[in-house]
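Secondary and tertiary structure notes
Residues per chain are reported as follows:
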Amino acid sequence: MTRDLSTPYPPDPRDDATNDAAKSEAANGFIGITGSEAILRQRAETAEADIAQPPAERVYRGVRYLDGERYAPERIQVTQGKGSGPLQWFYDRRVENKQLTGLLASKVLSVVGLVFLSWILLARSSQRQLTNQVVSELSAIAKELGDQASATAPADGGLLEAATEYAAFESLPDDLKASTRASLQTRLELNQLEYVAIVSPELRVVANSSNDRSGELFNPNNLVSSAVRQRESKSAISRQTVTDLQQLGIPVSDVDEAALVQYSVTPIFEGGTPTNRAGVGNSVIGVLVSGDVLGEDSATVQDALTNFSEGYSEIYLEEPNGSYDLVALAQSGELVPRQNAQGVDFSFLERALEAASAGLEPGIVSNQFRLTNGEPYTVAATAIVDGSGKAVGVLQHGLPEQVVRSQVDNARWWLLGAVPLVLLIDFIIARLLGRSVARPLRNLQAATESFASGNRSARADVFARDEVGQVASAFNELAAAVASSESSLRFQSETQGESARRARTLSELTSDIRSTLEAEAIFSTSVDRA
């Protein structure tokens, strides 16, 4: 394998002219002047001529060059690569420009990528935070709804007397029964309830506030039996059909097929306390049952759904036929007519019921969708289960995404506004860095061209100890070695020229002496040659 060791530059015509001049001088009898001396003289004369007549300038690819400059880009032959194309065009740029382009390109890509990634992470983080907020507020609403159900006042003296009388005789005198019903009716009105009753441990109605159901079995969702067995208050939301409501004496004018009734049961203990003075538990002699139909007029619903001033909250009833009926709606912390609802995604309600049926904890599902008015909302829902664990409705809460999206948009504009400032700083740094590399290279090029033009004292300045500084130092050593070699060759040339002159003189003297035998003529020739 052979390697092309030819120079990457075309030959300089001035070198050819200098060589021709040296040959001409040698042919004209200047034998004492060597070819190297002739080249040096010719280059010196050329340099003097260049000083006397400055060369014209020309522009190549946006860069000014002196006419005839030896290392102009158009005169350099590319020995590796194709020498054309976009990539070669980039290779042909100045080192300073290439470095600036590379640094800015990498910085732009990194900054844009960072801004884009930050924006995505910020949007996802904000959305996740909003979802967590919706879920937390929904849990608080559900808890408030349950707390309202369990906040039933204990039985007073009249109710305790009725329960004690029924436990002893399994019936009430007419006057006690009438006073007990009046007491239950007062409790119903004060607490804005729909139904209040006293039930015996045998699950039979002792007295109730509405229709007289004395002696009938009453154990909604097994709440009464559970309260008697566990000796503690219980509450649950039950789905009651129109027939069930009519039997309880509850108005059904606004009910289609069924309604959600919130029952609370409180045990009535013998003596009015769970334990006697000795610390022994008193027996349960009855249960106080209260019921409230969940709707727009329900105090329980109003207290639970109006806790938050943003977004909306809804309660849906799953009808016996599988359809859904909106029970109550609150917007911006106030109960509003159900006609103001902005649509519902029934498949989303189904997901909440399925989560409850699967026993998932906490049984809350969330999603994002737009209401009928076009506003984007993040919504969470959880199933409403009765005392037996069966899902009978859905509690839904939603928050608008406009505030979060505005925050994300503001943050995005801040990020985009910071990009030009960052790129400007990077441009200045890259420019300074490019100059720190290009300036030593231009100085090295000038020293090289000056040295090639015959100035053997030309040396490159060393600006740093980096790779460029090492190249400049290597050039200075090379220039010193070349100058030393030329000085040595010049001395040898002068010595050889002097020897040749003496030999020629001696040869001519010998020839003249041989041409005559007269002593006077030989002496005269020797004196003339000397």
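About the thresholds
- Residues numbered from 1 in each chain as written.
- Predicted model: local features only at pLDDT ≥ 70, side-chain atom pairs only at ≥ 80, totals over all residues.
- Heavy atoms only, no water.
- Patch = residues over 30% accessible without salt bridge, like charges linked within 9 Å, V, L, I, M, F, W, Y side chains within 5 Å.
- Areas by Shrake-Rupley, 256 points an atom, 1.4 Å probe, with all protein chains shown as cover.
- Salt bridge = Lys/Arg side-chain N within 4 Å of Asp/Glu carboxyl O.
- Buried < 20%, exposed > 50% of the residue type's maximum accessible area, 1.4 Å probe, protein only.
- Helix = DSSP H or I, 4+ residues; strand = E, 2+ residues; numbered from the N terminus.
- Axes fitted to C-alpha atoms, helices over the stretch in contact; angles between N-to-C directions.
- Parallel < 35°, antiparallel > 145°, perpendicular 65-115°, else oblique.
- Left-handed = near helix turned anticlockwise from the far one by under 90°.
- Contact = heavy atoms within 4.5 Å.

This paragraph deals with a nonpolar patch on the surface. Among the surface-exposed residues, Leu424, Phe427, Ile428 and Leu432 lie close enough to one another that they form a single nonpolar patch of about 380 Å² accessible area. Look at Leu424 and you get partly exposed, because its relative accessible area is 47%.

As a further point, take unusual backbone geometry. One non-glycine residue, Arg231, lies in positive phi territory at about 55°. Counting through the fold element by element, Arg231 comes out in the loop between α7 (223-230) and β5 (234-241). On the accessibility criterion, Arg231 (34% relative accessible area) is partly exposed. Phi at Ser332 takes a positive value of approximately 55°, unusual for a residue other than glycine. Its location among the elements puts Ser332 in the loop between β9 (324-331) and β10 (334-336).

Following both chains from N to C, one finds helix α5 (residues 157-169) and helix α6 (residues 174-190) inclined at 135°, their axes separated by 9 Å at the closest point. Between α5 and α6, the angle is such that the two are oblique. For α5 against α6, the interelement crossing comes out left-handed. Within the contact between the two elements, α5 uses Gly158, Leu159, Glu161, Ala162 and Glu165 and α6 uses Leu176, Thr180, Ser183, Leu184 and Arg187.

Moving on, we get to the pattern of salt bridges. Evaluation of the coordinates by the stated rule reveals 7 salt bridges. A salt bridge links Lys234 to Glu232, with the nearest nitrogen and oxygen atoms 3.0 Å apart. The exposure class assigned to Glu232 is partly exposed, which follows from its relative accessible area of 39%. Arg338 is the salt-bridge partner of Glu296, the closest N and O atoms lying 3.2 Å from each other. Remark: Arg338 occurs in the loop between β10 and α10 (346-357) and Glu296 occurs in the loop between β7 (284-293) and α9 (299-305); sequence separation between them is 42 residues. For Glu296, a relative accessible area of 32% puts it in the partly exposed group. The network of salt bridges with common partners includes Glu498, Arg501 and Arg502.

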